[in-house]
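Breakdown of the fold
Spelled out, the chains give:
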Protein chains: 2
Amino acid sequence: MTAEEFRRAGHDLIDWIAQYLEECEKYPVLSRVAPGEVRRSVEAPLPQHGEAWSAMWRDFDRHIMPGITHWQSPNFYAYFPANSSYPAILGELLSAGLGVNGMLWSCSPAMTELEMFVLDWLVDLLALPAHFKGAGVIQDTASSASLCALLAAREQALEWRGNAIGLASAGARLTLYTSDQAHSSIEKAAMIAGLGRENLRLVKSDDAGAIIPAHLAQLMNADRAAGCTPCFVSATMGTTSSLAMDPLRPIGEIAAAERVWLHVDGAMAGTALACPEFRDIADGLELADSFCVNPHKWMLTNFDLDAFYVREPQRLVRTLSILPEYLRAAQSDEVINYRDWHIPLGRRFRALKLWFVIRSYGVEGIRAHIRSHAHLASQFARWVQADSRFELAAPPRLNLVCFRLRAGDEASEALLRRLNESGAIHLTHTRLQGRYALRLCIGSPRTRESHVSAAWSLIQRIADVVLGR
Amino acid sequence: MTAEEFRRAGHDLIDWIAQYLEECEKYPVLSRVAPGEVRRSVEAPLPQHGEAWSAMWRDFDRHIMPGITHWQSPNFYAYFPANSSYPAILGELLSAGLGVNGMLWSCSPAMTELEMFVLDWLVDLLALPAHFKGAGVIQDTASSASLCALLAAREQALEWRGNAIGLASAGARLTLYTSDQAHSSIEKAAMIAGLGRENLRLVKSDDAGAIIPAHLAQLMNADRAAGCTPCFVSATMGTTSSLAMDPLRPIGEIAAAERVWLHVDGAMAGTALACPEFRDIADGLELADSFCVNPHKWMLTNFDLDAFYVREPQRLVRTLSILPEYLRAAQSDEVINYRDWHIPLGRRFRALKLWFVIRSYGVEGIRAHIRSHAHLASQFARWVQADSRFELAAPPRLNLVCFRLRAGDEASEALLRRLNESGAIHLTHTRLQGRYALRLCIGSPRTRESHVSAAWSLIQRIADVVLGR
């Protein structure tokens, strides 16, 4: 592809993206292809010679597009949002064009320094504890950030002997704690870090899904009595199932007294801290040793960009640092080399897109984005409460409403299936205290009141069918 | 930013990228900013209100560009290449525009199915063992891929009890093996997985930097005799320092006899397998349990894209799988959910860029790219050999030449420092058998004979200065 062909194709693609994002509500939200259908349609022999962009584009349009589930649709209410925005897309494009790898400061000083700067901005934007300034790093996902936090906690508890001699020889049985509502990534991290899922204690949650601190203390005491060493607590600022908020202050006080690492996972809900009226959920966050939030969920910054903060980065660096000769650079002592702050060695220039997003929207623009979703969600919750066939399955929080049919799990399951088959909207489900619940999570910058009210009308109509009326 | 503003900014950015890539040799390759300089120049209060793209772009141009080290320059010979290409950039842009997250098949069936398809194409392109078909997954980096391989090996050796009860209770002391020339990511993986760096045995290498298989067998025997359980060998297809090639067949035979997982790291050199004349380095690869190669290094596909293959993916899935209610999807049994194949949960649509690259270049285009670099490297090696002040520090391989001044380490270090200060080219160094060596690694699609010969002339001129002639 020549530079001139790239210009033409690139202009066309920019125009296509703008049109796609403006019109993406016209597609069925959940892809309707059957398993194997896309694979069969793209199947072709390995090309011996180069093809023109037009051939690739035709195949993308014909064969890939039908297999896309439209996360950017204003009618996408599933899982959690995957925000993108025009300035974020430009940031990602610019990063791809520069093609730099920032494993070391010298590999592109601007990449390391802009990242530190923009993560400090985020501390201000979200009113995070001041000790997180100068202590942030971009990770791909909250799963990876939580794993890094757990590794540092593991090594702190073992005085860095785990890294040296291994857990089998280090002679301590470490235990870790999170809510029975917490994200599966904590269990996965416990497995990866070699601690074992049986040493992960699931702290009981209350009716709202929040950790019961007294139960956390009981579990730790019992573990200490049994000869175990508690090393890590992960509190959730907004669970995936229901946006339940763990009480950070009492959890933090227990963790501090027990000298246990407190990690706070604010993957989606952390973005709400941009608005002063939602900052009650961060009460006690200053007790956390680490915190992560995903601007790629709700802050208009396309995937991937998780912001991870550590109270004392040296503990993280000591956990993950390796220094072979071929990576020694002249400035090693004066500067940060982010390679020691996460699992991969290489890293791309992701700070650009967050810099563009914050500047393009400004604090007030980001607040307006969050507030509009919170407003729409509370309106939807009122509609649910006003229809006697439905009930809320958890207290509505921020941009998430969990609800169900009173007629029982099977009716609710049937409702969800038919909603998703309609193509008009896409929701997912969870279980809360053993019972099935539909989740409506609002996150697209294009979701307006008209979309949410149309979604509610559709839900009511399909409920009529499911309930046989 | 409105759709119309995005179109205008996007067109300008596409044009800028084309111009940047066509002209990037005009910049000093290694950024000349001092530590803290970029940070000071971008420092600004958090913006309350949105700014125009023109303001961001001006700041990018003024403050970020001087802090960029130009990995795409034809005069970049440091570390390893970070290939980008026009079709790859378009693929990354399209992925950002679609903004889909493919953790589950249903989250966008096309993303999972195109990924499987294009990784099967790569099996054909690189003539990889046929059992890697249908067994590939895109990871961010080889570091992450190697970690996943080690985790599966760990669990296989522990019969999946590590995940369940933790390494401290599982009661086996696991050992792992790699060359004393292998990449630092293996040591990092040993730490993360809880095995400990002291249980990582560094197998001696021969003069060319390749593992001595007899020493591997000795180490394993000694470990077994001491009550340890060997679980994992990582062989390197092209070390970072000198592109040394571990002999895969004897290593694989030892691993098979010992029932130890064999991982092969072909991060950069694996791309050379596109050319039949370089496939001798893959002799024995069919004995590997897993293999990784980074198209983001030498195959024109911008960072990040590591292709990771596992002989029996079920072993990987069993190692990394978690299944909370909110991720249960209707099709779970019929399809692959890539979330269980790596550490992060979320994932972006990276297969698009590799699909576009392979189709845009074709097999012959990719071969021509590799061959031109191998040709230039061997030419450079001949020039080094013809100048009596210099010597080769290792046998030249593919696109890498390691060389030094005969005058000793200090002279070679001074040579490197002055070369990098010149801004004309960027090289990095390593140590081979204790002695300092400069590395010239050719990987840019824009590097022509004229660039390499200019680099050699500069090296000779600066050698004159360093040697006081």
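Attention in this report is confined to the structure presented alongside it. (Residues numbered from 1 in each chain as written. Chains lettered and ligands numbered in written order. Predicted model: local features only at pLDDT ≥ 70, side-chain atom pairs only at ≥ 80, totals over all residues.)

A word on the overall build of chain A. Along its length, chain A carries 16 helices and 11 strands. Taking 23 Å as the expected radius of gyration for a compact globule of 469 residues, we find that chain A reaches 24 Å, a close match to that expectation. Here the C-alpha coordinates of chain A stretch approximately 65 × 60 × 45 Å along the principal axes. Relative to its 469 residues, chain A shows a buried fraction of 62%. Residue pairs in contact within chain A that sit at least 24 positions apart in sequence constitute 74% of those at least 6 positions apart. (Helix = DSSP H or I, 4+ residues; strand = E, 2+ residues; numbered from the N terminus. Rg over C-alpha atoms; globule rule 2.2 N^0.38 Å. Buried ≥ 20, exposed ≤ 12 C-beta atoms within 10 Å, placed from the backbone. Contact = placed C-beta atoms within 7 Å.)

Residues and elements named next belong to chain A. Ordered by their spatial adjacency, seven strands build an open sheet running 1-7-6-5-4-2-3, and the pairing between neighbours is mixed. Edge positions in the open sheet fall to strand 1 (136-139) and strand 3 (200-203), since each of these has one partner strand only. Pairs of neighbouring strands in the sheet enclose a mean axial angle of 20 degrees, with direction left out of account. (Pairing = 2+ DSSP bridges. Axes fitted to C-alpha atoms, helices over the stretch in contact; angles between N-to-C directions.)

Right, let's talk about the packing of helix 4 (residues 86-98) of chain B against helix 14 (residues 351-386) of chain B for a bit. Residues and elements named next belong to chain B. Relative to each other, helix 4 and helix 14 sit at 150 degrees, their axes nearing to 8 Å. As far as their axial angle goes, helix 14 and helix 4 are roughly antiparallel. As helix 4 runs across helix 14, the sense of the crossing is right-handed. Two secondary-structure elements touch here, helix 4 through Pro-87, Ala-88, Leu-90, Gly-91, Glu-92, Leu-94 and Ser-95 and helix 14 through Leu-352, Lys-353, Phe-356, Val-357 and Ser-360. Among the residues making up the contact of helix 4 with helix 14, the classes are represented as seven nonpolar, three polar and two charged. (Parallel < 35°, antiparallel > 145°, perpendicular 65-115°, else oblique. Left-handed = near helix turned anticlockwise from the far one by under 90°. Nonpolar A, V, L, I, M, F, W, Y, C, P; charged D, E, K, R; others polar.)

A word on the interface of chain A and chain B. Across the contact, 121 residues belong to chain A and 121 residues belong to chain B. The element best represented in the side of chain A that touches chain B is helix 1 (residues 3-23) of chain A, accounting for 13 residues. When the residues that make up the side of chain A that touches chain B are grouped by side-chain class, the tally is 62 nonpolar, 37 polar and 22 charged.

Right, let's talk about the nonpolar core for a bit. Ranked by size, the top nonpolar core spans 343 residues in total, and within it Val-118, Cys-148 and Leu-262 of chain A together with Val-118 and Leu-262 of chain B carry the most contacts. Two domains share this core, each providing at least three of its residues, namely domain 1 (20-84 + 366-469) and domain 2 (100-348) of chain B. (Core = buried A, V, L, I, M, F, W, Y, C linked by C-beta atoms within 7 Å. Domains from an automatic or database assignment.)

A word on the relation of the copies chain A and chain B. For the pair of chain copies, the relating transformation is a rotation about an axis with a translation along it. Under the fitted operation, chain A is carried onto chain B by 0.0 Å of movement along the axis and a turn of 180 degrees, and the coordinates agree to an RMSD of 0.0 Å. These values place the two chain copies in the arrangement generated by a two-fold rotation axis. Within chain A, the C-alpha atom positioned nearest to the axis of rotation is that of Ala-168 of chain A, 2.1 Å from it. When the interface residues of chain A are mapped onto chain B, 100% of them are again interface residues, pointing to one common binding face. (Least-squares fit on C-alpha atoms with pLDDT ≥ 70 in both.)

The next subject is the sheet that holds strand 9 (residues 400-405) of chain A. Residue and element names in this part refer to chain A. Spatially, the four strands line up as an open sheet ordered 8-9-11-10, and their pairing is antiparallel. Either end of the sheet is taken by a strand with one partner, and the two such strands are strand 8 (390-392) and strand 10 (428-432). Here the average twist between neighbouring strands, direction ignored, is 40 degrees. Sheet topology places strand 9 next to strand 11 (residues 435-441); four bridges connect them, and they run antiparallel. When the sheet's bridge partners are listed, Leu-400 is paired in strand 11 with Cys-441.

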